Amino acid sequence: MNVCYYRCFEADRRVSMQIYADYFLEAMSHRPLNIRGYQPASSMERFSSSRLVMRYLRYVHYPRAVAKLKLGADVHHVVDHGYAHLLPHLGAGKKVVTVHDLIPMLHWKGLLGMPGSLAGRVRKPVLNQYSLSFLDGFNQVVVPSQNTAADLVTHLSLNENKIKVVPAIIGEQFGVADKAAVSDFVAEYSLETDCKWLMVTGQDFYKNHLTSLKVLKALNKQSNFTIKMIKTGVPSEEFNQAVKKLKLEGLVRSVYLQDTRQLALLYNFIDCLLFPSIYEGFGMPVAEALACGTPVVSSDRGSLPEVGGTLVTRLNPYDVHGLSKAVYQLISSKQARLSMRQKGPVWVAQFRPATVAERMEKVYQNL
């Protein structure tokens, strides 16, 4: 079977989408498939931090580049719905697209469940809607969760028979690590070991960092030991301002780890992942933490109930008191960590590369 993958990422694309594509293409390369990957290139990409340039590349240059190729394949798979508009330019063969989430549209329609003071006024995501308008033309739409599948049916009236759920991949580097390796990582980043550590991830508004910081403040008021927080991902000035406003400067660290092996070591070090996201198409940090045997407290929104199952404590993403109580119970219990180190990796087996790649290959074969 000949399969052609299309991935197009510029400077504005979310890091998680890049990670998804990297894991996916690597996993599929080990299946008995004749795979070809394609990513249009342009000298203008060095200016893609400009929205105008980025839009030109995505909606004008890349479609033209794909049209010139006319690549033949049994299956053409666009791995990011932000490029679903490439559909008319793909060569002969079955067409597949992965839809990760509908966050821009749901946010614009006020359907993310954000309090009025936080929701604000949001512009209609016209170009996002344009790309999504091509979904009906694909032979198969792949989504990472049942929640995203339900959103496509509810909000875009997509035929449910056209949708297949294939979860995101959690790399094998995420697992229970050697203690010596964790100690070396802790020393490299000068992380204190005489306190408890929470971790938050990302920089997007829906990660709900303000609530996480309020939880940290509440925990340190009620606890007889120090609790600190480490944030991973792209630096955020908004996050830094919130830290200052809540007077938490001495309790919060930010790190940007591009090496996922180091990220796995951090998961092994921390005492709890705090993930009160207001919406996730999948929620990779939750699965990554579980793979490393790390307790997780998350919100009860989006796909998170699916990804964490019964292993994760889930609450309303704005319930500071409830989230604080749940975190305190977990970080105060050695048994909770021991239990998670046994159960977490077993649960995450369903998201490992070989398992997910086999499921995707079956989708292609059925087409």
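The present account deals with the structure reproduced in this document. (Residues numbered from 1 in each chain as written. Predicted model: local features only at pLDDT ≥ 70, side-chain atom pairs only at ≥ 80, totals over all residues. Heavy atoms only, no water.)

### A closer look at the sheet that holds strand E11 (residues 296-299)
Our working definition: At least two bridges found by DSSP between two strands are what make those strands a pair. Strands here mean DSSP runs of E at least two residues long; helices mean DSSP runs of H or I at least four residues long; both are numbered from the N terminus. Interaxial angle, 0 to 180 degrees, is taken between N-to-C directions of lines fitted to C-alpha atoms, where a helix line uses only the stretch in contact. In this analysis, two residues are considered to be in contact whenever any of their non-hydrogen atoms come within 4.5 Å of each other.
With respect to topology, 6 strands assemble into an open sheet ordered E9-E8-E7-E10-E11-E12, the strand pairing being parallel. Strands at the two margins of the open sheet, each flanked by one partner only, are strand E9 (252-255) and strand E12 (313-315). Going from strand to strand, the sheet's axes swing by 25° on average, the running direction of each strand aside. Together, strand E7 (196-200), strand E8 (227-232) and E9 form the strand contacts of helix H9 (residues 237-245), whose direction differs from that of E9 by roughly 170°. In the packing of helix H10 (residues 260-269) onto the sheet, contacts are made with E7, E8, E9 and strand E10 (272-275), and the angle to E7 comes to roughly 135°.

### Considering the pattern of salt bridges
Stated precisely, the cut-off is as follows: Think of a salt bridge as a Lys or Arg side-chain nitrogen and an Asp or Glu carboxyl oxygen that are within 4 Å of each other. Summary of the burial criterion: residues with accessible area below 20% of their type's maximum are buried, those above 50% are exposed, and those between are partly exposed, where the area comes from a 1.4 Å probe applied to protein chains only.
Counting across every chain of the model gives 9 salt bridges. With its nearest N and O atoms 3.2 Å apart, the salt bridge here joins Lys-228 to Glu-192. With a gap of 36 residues between them, Lys-228 in strand E8 and Glu-192 in the loop between helix H7 (179-188) and E7 connect regions that are remote in the sequence. The class of Lys-228 is buried, set by a relative accessible area of 13%. Under the relative-accessibility criterion, Glu-192 is labelled partly exposed at 31%. The salt bridge partner of Arg-261 is Asp-259, with a shortest N-O separation of 3.1 Å. A residue is classified by how much of its surface remains accessible, and Arg-261, at 58% relative accessible area, is exposed.

### Focus: the sheet that holds strand E3 (residues 75-78)
Within a sheet, each strand pairs with its neighbour through backbone hydrogen bonds, oriented either parallel or antiparallel. Here we have 6 strands laid out as an open sheet, ordered E2-E1-E3-E4-E5-E6, and parallel in their pairing. The open sheet has two edge strands, strand E2 (34-38) and strand E6 (163-165), and neither has a second partner. On average, each strand axis in the sheet is tilted by 25° relative to the strand beside it, whichever way the strands run. As judged from the 4 bridges shared by E3 and strand E4 (residues 94-98), these two strands associate in the parallel manner. Each residue of the ladder has a partner; that of Val-75, found in E4, is Lys-94. Docked against the sheet, helix H6 (residues 146-156) engages strand E5 (140-143) and E6, running at close to 165° with respect to E6.

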